[in-house]
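Close look at the chain arrangement
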Amino acid sequence: MSETSTSALSVRGLNKSFGALVVAQDINIDLAPGARVGLIGPNGAGKTTFVNLLTGFLKPDSGTILLEGAPIQDMKPEMRVRRGLARTHQINTLLREDIVRDNVAIAIAERENYAWRMMRYTPQWRRCSEEAHALLRDMGIADVGDRQVRELPYGQQRLLEIAIALSLKPRVLLLDEPAAGVPAEEAHRIHDVLARLPSDIAILIIEHDMEVIFRFAKEIIVLLQGRVLTRGAPAKIAVDPEVRAVYLGRTVV
Amino acid sequence: MMAAPSTDTAATTASPASRVLSLIGHALPWLIAIGFYFVAGGSLSIGTQIMIWILFAMSLDLVLGYAGIVTLGHAAFFGVGAYAAGLFSIHFMSDPILGHIFAVVVSGVLGVISGALILHTTGVTFLMLTLATVSIIYEYGNQARWLTGGDDGLQGMKVGPIFGTFEFNIFGQTAYVYALVVLFIWFLISWRLVKSPFGRSLDGIRQNPRRMRAIGTPVWWRLLAIYGIAAAMAGSAGALLAHSTRFVGLSSLSLLTSGIVTVMLILGGTRKLYGAFIGAAIYYLVQDSTAKFSPYFWEFIVGGMLIATVLFLEGGLMDLGRIGRRFLARFQRSDAP
């Protein structure tokens, strides 16, 4: 936490309230390049609010957000994405009428600044399609590249969410419940993909499945009522009495 | 090197027979338009009118169909284009090409300005603001008699020969070819545009603006761009109307005109470009042929067709072609040994 300048993402004193309801209170978080940090907390702890503050869909009342040292808290969501902050959504947010490969190719076109091209674009678009195809192959869903998204099984739609975020070549990736709603027999494909994510991307993962989070994260942050309750290595969090109390005596691991 | 995926699977996996069929499909509207020139005789001006409405409906397809911008103000750009072309011919020069370019620029600029003022809103709010835009411009056209002639319409247009050679004659042959060429140019631009990364991003915004923001799309700027382009295109249709009839009526600016062009587009089918061709042509022909029996009868027919299309053909009359092709494919398969 000492060297802010080298952090991929650095959040300082983030506050947000809706009237009397405090949803974020003095949150400080640092993600080093390649970090794997898990964010947990009971329902209503402010996890999704925190993601919305990071991505720019909510404006913080105070505090700074530094992406690779540059302040981004006043930027629009799309500008933060262009600076290297990508996310996946808890609920699939895809172009359902388009084919799978185009969903990724459109994101690549945006990244490469081809997306304003109106008349001369054939070689550029082909490159986008080829890169999208290669990425889908890495994710193990290249065989459904030509299918419409709405025809896809739910688990593969979750993989596509991750593929789109990865195609943006982010420095920081926010995974909002990547395995939510995926049937058990398909979940291992998500887990495999998570394990193989590029090691230079800093990742913050929100997940209710404790098995996933304890396997994936090197550090865990526990959020409660908009503030950081505690943080530390998974082994420490698992035995933390306060955390156990929050989860109402449920065994965390 | 990996195997390059096809960018257009339909084209590469299609059999030669269906490729020929699709080529014929693309050539058909233009062959009909060229053929009509030789057989129409005295009713050539009907063809010109239809092409003007096709162009207008096609410009609406770009905003309403592809970008999902639900507007009732599109006639503002059509009418302003018509008045701009008319006023240019009266006060500056009678050259139709320069007048046309002037009209396209004026309506395009108006599209960008009005779009910049209202495109931050969505849904019903946006719809109301487009309604307000077209109403304000209509009322201005009505009040400013010194400029527009008010409800008498703009009279005294002088339209010179195209390229200084082709006079607009009484049989409307020059007007017809002029409209056909302009329509074809805009069609090529639109065809290229909707398949471009820009066009795909618009289609993405229509489907899911949140997704597009999450990949870094400047949604507002994209919508503003297509709003301006479509406005310029509608203005081009307006200029064709002014030049071919040498008259601009206040009705070109009316809300009803917005409604009619929307009905044409929905009838033919959105997001296919050719939907505008079918919709405008059918609408015009039904109007022309049934209005002889009773002035209200054609509205009954068009209304009935619209209801039937919306209920049974999700993609408009263009869906009939798709259904026919599928039927043909099944017929061929069962025919095969």
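The rules behind these values
Residues numbered from 1 in each chain as written. Chains lettered and ligands numbered in written order. Predicted model: local features only at pLDDT ≥ 70, side-chain atom pairs only at ≥ 80, totals over all residues. Axes fitted to C-alpha atoms, helices over the stretch in contact; angles between N-to-C directions. Helix = DSSP H or I, 4+ residues; strand = E, 2+ residues; numbered from the N terminus. Parallel < 35°, antiparallel > 145°, perpendicular 65-115°, else oblique. Left-handed = near helix turned anticlockwise from the far one by under 90°. Contact = placed C-beta atoms within 7 Å. Nonpolar A, V, L, I, M, F, W, Y, C, P; charged D, E, K, R; others polar. Pairing = 2+ DSSP bridges. Core = buried A, V, L, I, M, F, W, Y, C linked by C-beta atoms within 7 Å. Buried ≥ 20, exposed ≤ 12 C-beta atoms within 10 Å, placed from the backbone. Expected span 1.5 Å × (residues − 1).

1. Details of the packing of helix H4 (residues 75–91) of chain B against helix H11 (residues 219–245) of chain B
Residue and element names in this part refer to chain B. For the pair H4 and H11, the least separation of the axes is 6 Å and the interaxial angle reads 50°. What the angle tells us is that H4 and H11 run oblique. The chirality of how H4 crosses H11 is right-handed. Listed contacts from H11 to Phe 77, Phe 78, Gly 79, Val 80, Gly 81, Ala 82, Ala 84, Ala 85 and Gly 86 of H4 are Ala 231, Ala 234, Gly 235, Ser 236, Ala 237, Gly 238, Ala 239, Leu 241, Ala 242 and His 243. Looking at the contact of H4 with H11 residue by residue, the class counts come to 12 nonpolar, seven polar and no charged.

2. Description of the interface of chain B and chain A
How large an interface is tends to be reported as the accessible area lost when its parts come together. Listed per partner, the contact involves 23 residues of chain B and 34 residues of chain A. Of all the secondary structure elements, the ones that give two or more residues to the side of chain B that touches chain A are helix H8 (173–195), helix H9 (197–207) and helix H10 (209–214) of chain B. No other element matches H9(B), which puts six residues into the side of chain B that touches chain A. Looking at the side of chain B that touches chain A residue by residue, the classes come out as nine nonpolar, nine polar and five charged.

3. Some words on the sheet that holds strand E5 (residues 70–71) of chain A
Residues and elements named next belong to chain A. Here four strands make up an open sheet; going across it, the order is E2-E1-E4-E5 and the pairing antiparallel. On the outer flanks of this sheet lie strand E2 (21–31) and E5, each paired with one strand and no other. Note that strand E4 (residues 62–67) and E5 share two bridges and pair antiparallel. Opposite Leu 66, over in E5, you have Pro 71 as the bridge partner.

4. Quick look at the sheet that holds strand E10 (residues 227–232) of chain A
All names here are of chain A. The strand order across the open sheet built from six strands is E6-E7-E8-E3-E9-E10, with neighbouring strands paired in mixed fashion. Strand pairing shows two members of the sheet lacking a second neighbour, strand E6 (85–87) and E10, which therefore form its edges. Ignoring which end each strand starts from, the neighbouring axes of this sheet average 20° apart. In this structure, strand E7 (residues 172–176) lies alongside strand E8 (residues 202–206), joined through five bridges in parallel fashion. Residue Leu 173 lies in a different strand from E8, and its bridge partner there is Ile 203. Running at roughly 150° to E7, helix H1 (residues 47–55) makes contact with strand E3 (36–40), E6, E7, E8 and strand E9 (219–224) of the sheet.

5. Brief notes about the nonpolar core
Membership of the largest hydrophobic core comes to 160 residues, with the highest contact counts inside it found for B:Ile54, B:Leu55, B:Phe56, B:Ala57, B:Ala230, B:Met264 and B:Ala280. Setting aside residues no more than four positions away along its own chain, B:Met264 makes contact with B:Trp53, B:Ala57, B:Ala276, B:Gly279, B:Ala280 and B:Tyr283.

6. Points about unusual backbone geometry
Residue and element names in this part refer to chain B. Positive phi outside glycine occurs at Arg 271, with the angle close to 60°. Its place among the elements puts Arg 271 in the loop between helix H12 (255–268) and helix H13 (274–290). Its 19 C-beta neighbours within 10 Å are what place Arg 271 among the partly exposed residues. Unusually for a residue other than glycine, Leu 273 sits at a positive phi of about 60°. In this fold, Leu 273 is placed in the loop between H12 and H13. Judged by C-beta crowding, with 23 C-beta atoms within 10 Å, Leu 273 ranks as buried.

7. Some thoughts on the pairing of E10(A)
By the bridge criterion, five bridges tie E9(A) to E10(A) in an arrangement that is antiparallel. Paired with A:Leu224 across the strands is A:Arg227, a residue of E10(A).

8. Side note on helix H3 (residues 100–111) of chain A
In a regular helix each residue adds 1.5 Å, so 12 residues correspond to 16 Å; H3(A) covers 18 Å between its end C-alpha atoms and thus fits that length. Within H3(A), 12 of the 12 residues are buried, which leaves it mostly tucked inside the rest of the structure. Restricting attention to buried positions, one finds in H3(A) the residues A:Val100, A:Arg101, A:Asp102, A:Asn103, A:Val104, A:Ala105, A:Ile106, A:Ala107, A:Ile108, A:Ala109, A:Glu110 and A:Arg111. Tucked into the core, H3(A) has its buried residues touching helix H4 (122–139) and helix H5 (154–167) of chain A together with H9 of chain B. Phi turns positive, to about 60°, at A:Asn113, one or two residues after H3(A).

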